[in-house]
Number of protein chains: 2
Amino acid sequence: MSAIGATESGGVHREAADPADAATKQWLREWLQQGGFEVRVDRIGNLFGLLTWTPGAPYVLLGSHLDSQPAGGRFDGAYGVLAAAHTAARLRDRFRGADAPPPLNIAVVNWFNEEGSRFQPSMMGSAVFTGKLDPDTALDTCDAGGTSVRAALTDIGFAGTDECPELASYAEIHVEQGSFLEQEGRTIGLVESNWAARKYRVSVHGEQSHTGSTPMTQRRDALYGAAKIVTAVRELADEFAEGVLHTSVGQLTVLPNSPVVVAREAQLHLDLRSADLDVLRTADTRLHEVFAQVRERAGVAVSLGTAHAWDIEPYQPAGVRLAEAAVEELGLPHRRMLTLAGHDSTNMKDVVPTVMLFVPSAGGVAHNEFEHTDDADMLAGVDVLTDVADRLCHGEGQP
Amino acid sequence: MSAIGATESGGVHREAADPADAATKQWLREWLQQGGFEVRVDRIGNLFGLLTWTPGAPYVLLGSHLDSQPAGGRFDGAYGVLAAAHTAARLRDRFRGADAPPPLNIAVVNWFNEEGSRFQPSMMGSAVFTGKLDPDTALDTCDAGGTSVRAALTDIGFAGTDECPELASYAEIHVEQGSFLEQEGRTIGLVESNWAARKYRVSVHGEQSHTGSTPMTQRRDALYGAAKIVTAVRELADEFAEGVLHTSVGQLTVLPNSPVVVAREAQLHLDLRSADLDVLRTADTRLHEVFAQVRERAGVAVSLGTAHAWDIEPYQPAGVRLAEAAVEELGLPHRRMLTLAGHDSTNMKDVVPTVMLFVPSAGGVAHNEFEHTDDADMLAGVDVLTDVADRLCHGEGQP
């Protein structure tokens, strides 16, 4: 899988519906077809593989995403899809000789556009699946070059028309993207809840002028305004105890971005995350104070909208207990924990019982070509997911 | 001319060797051919039109540039080329019936890539012409998309092979891009000298990571480092008296520029200008202090190179006096002044006697679609340029 969209430094570059992402979808479709799965593609490009041993019964869905960040890691998402596929294949073989099939069927999913680098918001496929995002809004979303999701999916042959399967539950395994497991020498993380996130899209409007000749007092420099926001956002995190608030600006686009032109506009994507909603509320208030200062100091207009937001919502405790029982039976060192990053399971847990599992990430390196997880940990993760999926297929973990 | 590459708001968008820039070159070539000029294109795409009444004698060259900034003004550069072309045509008609031709010939030029928005450095065509920039270095320069100057010029049919004319002198007229003339109600500015400029290319190197999950203390955020540089550069200007130092960052490119990825790299183009070299030296020292602080605070590496630099070099006093005599004869209100912006004449004055003239810019608006100069001022400018060129063709203004 990591050969598709491989980068020189050992990572992968597979943005939603780009040629490499399309190649992973084709590869997975063939793999599923050869394994006896019924393949379905829905209108937002989610790719499902179904194994039906109890016709008419709902499905336990396992999956994650095969797209990556630009110059991203090979494990983020891809490990979860491959683990899901192999888990389903193991259960297929396990149940083939069984006296009675389990009451629930199993399915695998590769969610469309989890990463959100090309099309925002992230976690798009699962957001449409769960009804959190209108399908047409998602399909009409354009990338920086003006290509819509609709056109991009049509172009790669993954604008599907299939019905989505009816679900009983969902399970996902993912690399931790943090270093708690590694530091404590544990193999499996049982995710109890997620950090909340507030993502803002901020526009700074100034006036285009000449970098050389325009008097400083007359400038309304959008890039200067944006830079003041970037620094203030970073320093906002220091107003709280360490680890309480994560802040960032990862994307900044400058117009017209010419060496000798004072920028007329800057667009940035601002990200606040915390496990404490009060902290996010305070941070939001401070952010508006920063914007007021920037307007005055840089002579620019600042407008903002919410790009994406999610609250702290626990994963179903029954699912955590089910996974805990599976891990203990396998004798693997584990801990309960939070996820700081968003995952497709963040959407899924709001509509069906959901289990979220982590395996360790070396040094917590994430969204980076040097991301790494050991083979032994990945294989242990598949064992756990298999046991979890078996239990889910037998109706455990329901509230 | 302003119909070529016109923008909705009344400006033009013609970056070096883009389709609109190519169209202006084709238009000018035809206009010159129809007017009896001998057209030449050199290897860096400079377009000359020669009128030879004294075979073997050198040329008085008049010109400016037809390229623009992205969403730039319609007068910047284009006015100077059109004024040069009409001046040469007037002199052609004037000298046609004369008893003896003037001792020096006349030529018109449209310099390649004065603006430098697509390919750096700016003033590229005149820099190659004057030997300040190696032709192959210029031709190998690539835009952000990886297209070289060589490929771009070949593509539009303006990679020429013609010899450049031998020159006796150069004259250029340009909109002021400042508001001194307008504020004082004067029509013509006689440029005595230029501000010095120091342009730096700065790279900030951090480490790509996850905006959500990476602990703040572990981040090495290239965009945060770049933003601290942008704000410090702007605020550096405030350490001096008003109008003494102009500073800016107009271009900032972030990698990978994904909403949920801490940037691994940021590249910016930094511009310092002053009429006082001591101020630039102090500013350069302060800049290095800022870089050291940024390295420490943001945990990033900062490297810089000089992208372009020019000192304060006076235009030849004989040329200023010649132009002053012409303006006074025409009875136009005028003043001696400095140019804050760089022009092709900034290069030319270092190799031949050079006259630089300004006409007013409404409100000093520059590098902006709303740039404006009144028709009456433009026509007065052509009258002055005609008189200046006539004198130059008769050998005046030589040291």
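Keep in mind the model is a prediction, meaning the values are calculated, not measured.

**Student:** Tell me what's going on with the packing of aromatic side chains, and back it up with residues and numbers.
**Tutor:** Counted by the stated rule, this structure contains 12 aromatic pairs over all chains. Aromatic side chains Trp-31 of chain A and Phe-37 of chain A sit 6.2 Å apart centroid to centroid with 40° between the ring planes, which places their arrangement in the tilted category. For Trp-31 of chain A, a relative accessible area of 23% gives the class partly exposed. A centroid spacing of 5.9 Å and a plane angle of 45° characterise the contact between Phe-48 of chain B and Phe-129 of chain B, whose relative ring orientation is tilted. One end of the pair, Phe-48 of chain B, is in strand β2 (residues 47–51); the other, Phe-129 of chain B, is in helix α3 (residues 124–129), with 81 residues separating them in the sequence.

**Student:** Can you explain the domain arrangement of chain A? Please cite residues and give values.
**Tutor:** Residues and elements named next belong to chain A. One can read the domain layout of chain A as domain 1 (19–195 + 312–393) and domain 2 (196–310). Domain 1 puts 13 residues into the contact, and the matching count from domain 2 is 17 residues. Across the domain 1 to domain 2 interface the summed buried area is about 1000 Å²; carbon plus sulfur atoms make up 60%. It is Gln-120, Trp-195 and Ile-312 in domain 1 that bury the most area against domain 2; as a group they hold 58% of the surface buried on that side. Here domain 1 is connected to domain 2 by zero salt bridges. At the junction of domain 1 with domain 2, the criterion picks out one residue pair in polar contact (both at pLDDT 80 or more).

**Student:** Describe the interface of chain A and chain B, listing the residues and the values that go with them.
**Tutor:** Listed as interface residues are 62 residues of chain A and, on the opposing side, 62 residues of chain B. Of all residues in chain A, Met-216, Arg-234 and Pro-259 of chain A bury the most surface against chain B, accounting for 13% of the area lost on that side. Seen at the junction of chain A and chain B, the total is four salt bridges. Across the pair Arg-297 of chain B and Asp-238 of chain A runs a salt bridge whose closest N-O atoms are separated by 2.8 Å. Looking at the side of chain A that touches chain B, the elements that each hand over two or more residues are β8 (209–210), α7 (222–236), β9 (245–255) and β11 (265–274) of chain A. With 10 residues, the single largest contributor to the side of chain A that touches chain B is β9 of chain A.

**Student:** Any chance you could break down the sheet that holds strand β5 (residues 167–175) of chain A for me, citing the residues and the numbers?
**Tutor:** Residues and elements named next belong to chain A. Spatially, eight strands are ordered β1-β2-β4-β3-β5-β14-β6-β13 in an open sheet, and the strand pairing comes out mixed. Two strands close off the open sheet at either side, each with one partner strand: β1 (38–41) and β13 (334–339). With strand direction ignored, the average angle separating the axes of adjacent strands in the sheet is 25°. Contacting β1, β2 (47–51) and β4 (105–110), helix α1 (residues 19–34) crosses the sheet at an angle of about 10° to β2. Strand contacts of helix α9 (residues 317–330): β6 (188–194), β13 and β14 (354–359), with the helix running at about 175° to β6, the strand carrying the most contacts.

**Student:** Any details on helix α2 (residues 78–96) of chain B? Residues and values, ideally.
**Tutor:** Between the first and last C-alpha of α2 of chain B there are 27 Å, a value that for 19 residues agrees with the 27 Å anticipated at 1.5 Å per step. Those residues of α2 of chain B not exposed but buried are Ala-78, Tyr-79, Gly-80, Val-81, Ala-83, Ala-84, Ala-85, Thr-87, Ala-88, Ala-89, Leu-91 and Phe-95 of chain B.

**Student:** Help me get a handle on the state of the cysteines, residues and values and all.
**Tutor:** By definition, a disulfide links two cysteine residues through a covalent bond between their sulfur atoms. All names here are of chain A. By the definition in use, this model includes zero disulfides over all chains. For Cys-164, which is in no disulfide, the shortest distance to another cysteine sulfur is to Cys-393 and amounts to 19 Å. On the accessibility criterion, Cys-164 (31% relative accessible area) is partly exposed. Assessed through its relative accessible area of 0%, Cys-393 is described here as buried.

**Student:** So what's going on with the sheet that holds strand β12 (residues 301–310) of chain B? Which residues, and what values?
**Tutor:** Backbone-to-backbone hydrogen bonds join strands into a sheet, with any given pair of strands oriented parallel or antiparallel. Residue and element names in this part refer to chain B. Here we have four strands laid out as an open sheet, ordered β9-β11-β7-β12, and antiparallel in their pairing. In this open sheet, the two strands that pair with only one neighbour each are β9 (245–255) and β12. Neighbouring strand axes in the sheet, compared pairwise and without regard to direction, differ in orientation by 15° on average. Against the sheet, helix α8 (residues 277–298) contacts β7 (196–205), β9, β11 (265–274) and β12, and its axis sits at roughly 160° relative to β11.

**Student:** Please provide a residue-by-residue account of the environment of Gln-34 of chain A, values included.
**Tutor:** All names here are of chain A. Here Gln-34 lies in helix α1. What makes Gln-34 exposed here is its relative accessible area of 69%. It is 46 Å that separates the C-alpha atoms of Gln-34 and Gly-305, two residues lying 271 residues apart in sequence.

**Student:** Outline the UniProt feature "binding site: Zn(2+) 1" (unreviewed entry) in chain A, listing residues and values.
**Tutor:** Residues and elements named next belong to chain A. The residues that UniProt annotates with the feature "binding site: Zn(2+) 1" (unreviewed entry) are His-65, Asp-76 and His-174. Despite a sequence span of 110 residues, these residues sit close together in the fold, their greatest C-alpha distance being 9.7 Å. Of note, Asp-76 is situated in the loop between β3 (59–64) and α2 (78–96). The class for Asp-76 is buried, based on a relative accessible area of 5%. Excluding residues that lie within four positions of it along the chain, Asp-76 makes contacts with His-65, Asp-67, Glu-115, His-174, Val-175, Gln-177, His-367 and Glu-371. At a separation of 3.5 Å, a polar atom in the side chain of Asp-76 contacts the side chain of His-367. Within the secondary structure, His-174 is located in strand β5. The exposure class of His-174 is buried, given its relative accessible area of 1%. Here His-174 is in contact with Ser-64, His-65, Asp-76, Gly-77, His-343, Met-356, Leu-357, Phe-358 and Val-359, once residues within four sequence places are set aside.

Conventions we followed
Residues numbered from 1 in each chain as written. Chains lettered and ligands numbered in written order. Predicted model: local features only at pLDDT ≥ 70, side-chain atom pairs only at ≥ 80, totals over all residues. Heavy atoms only, no water. Phe/Tyr/Trp six-rings, centres within 6.5 Å; stacked < 30°, edge-to-face > 60°. Buried < 20%, exposed > 50% of the residue type's maximum accessible area, 1.4 Å probe, protein only. Helix = DSSP H or I, 4+ residues; strand = E, 2+ residues; numbered from the N terminus. Domains from an automatic or database assignment. Contact = heavy atoms within 4.5 Å. Buried area = accessible area lost by both parts, 1.4 Å probe. Salt bridge = Lys/Arg side-chain N within 4 Å of Asp/Glu carboxyl O. Polar contact = N/O pair within 3.5 Å; in protein donor to acceptor, adjacent residues only side chain to side chain. Pairing = 2+ DSSP bridges. Axes fitted to C-alpha atoms, helices over the stretch in contact; angles between N-to-C directions. Expected span 1.5 Å × (residues − 1). Disulfide = S-S within 2.5 Å. UniProt positions renumbered as here; feature names shortened; annotations may be inferred.

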